[in-house]
Amino acid sequence: GGFRIENMGAATSGAHAATKTQVDGKILVAVAKITGFNATLNRPAFVSPANCTIHKAWLLSDTATAGSGAGTRWNFQLRNVGVAGAGTTDMLSVEKTTNGAEIGAYDSYDLVVDQNQVMAEGESLQLRITKTGAPTDLTAAEIQLVIHYKVTI
C-alpha cells in the first residue's frame, strides 16, 4: 500500500524483523545431489527466485568414479536454460575438465561462474557433464552441485 517502516534498528534475535541492509547481499546456498549418471548429463539443478545473483558454483564428489580409463576426460559446465519453455542456453561457466583423470572421492571443482550473473525469476540452471573414455555408465557415482547466490529485496 505504499507504506514502509523506517528507522528500524538491526535485528539482534530470531524474533526480530530484519532490515533490508541485513538481508541484501546475504549469501544463500542451494545443493543439488545427483546420483548415478551416464557419459552425458544435462540435469536441471536450480530454479532462480526473484532478484537472484549467482555468486559461486562448485561440483563436489561424494564417491570416486573407479574404473575410469587413462583416457577418461570429464567436462563440467553450468548453463542458464531460461524460463521453462524459453529454450535459451546461455553458458554461465567456462568448461571445467579433469584432464584425463577420474573424479576422486571428495574432489571439488570450482565452476568459475561470473560472480555478477543475474538471473530472472523462474530461470533454471542446468548442470552439463560430458565424458570421454571408460566406463560410460556410473550408476554408483554421487556428486553435488553447490550454488552460492544472493537475493536482493
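Residues numbered from 1 in each chain as written. Predicted model: local features only at pLDDT ≥ 70, side-chain atom pairs only at ≥ 80, totals over all residues. Heavy atoms only, no water.

Remarks on the overall build of the chain
In terms of regular secondary structure, the chain is built from one helix and 10 strands. Helices and strands in the chain line up, N terminus first, as α-β-β-β-β-β-β-β-β-β-β. With 153 residues in all, the chain has 37% of them scored as buried. Across the chain, contacts joining residues at least 24 apart in sequence account for 79% of those joining residues at least 6 apart. Total accessible area on the chain stands at roughly 8400 Å², and carbon and sulfur atoms take up 52% of it. (Helix = DSSP H or I, 4+ residues; strand = E, 2+ residues; numbered from the N terminus. Buried < 20%, exposed > 50% of the residue type's maximum accessible area, 1.4 Å probe, protein only. Contact = heavy atoms within 4.5 Å. Areas by Shrake-Rupley, 256 points an atom, 1.4 Å probe, with all protein chains shown as cover.)

What to know about unusual backbone geometry
The backbone of Asn-7 shows a phi angle near 60 degrees, a positive value even though the residue is not glycine. Despite not being glycine, Asn-51 has its phi angle at roughly 55 degrees, a positive value. With respect to the helices, strands and loops of the structure, Asn-51 is situated in the loop between strand 2 (40-47) and strand 3 (52-61).

A look at the nonpolar core
Counting residues in each nonpolar core, the largest one holds 25 residues, and the members touching the most others are Phe-46, Ile-54, Phe-76, Leu-111, Leu-127, Leu-145 and Tyr-149. The element that contributes the greatest number of residues to this core is strand 10 (residues 137-151), accounting for five residues. (Core = buried A, V, L, I, M, F, W, Y, C linked by side-chain atoms within 4.5 Å.)

A short note on the pattern of salt bridges
Taken as a whole and judged by the stated rule, the model has two salt bridges. The partner of Arg-4 in a salt bridge is Glu-6, and the shortest N-O contact between them spans 2.4 Å. Under the relative-accessibility criterion, Arg-4 is labelled exposed at 69%. Residue Asp-110 pairs with Lys-56 through a salt bridge whose shortest N-O separation is 3.0 Å. Of this pair, Asp-110 sits in strand 7 (residues 108-110) while Lys-56 sits in strand 3, placing them 54 residues apart in sequence. Its relative accessible area of 24% is what places Asp-110 among the partly exposed residues. Residue classification places Lys-56 among the buried residues on the basis of a relative accessible area of 19%. (Salt bridge = Lys/Arg side-chain N within 4 Å of Asp/Glu carboxyl O.)

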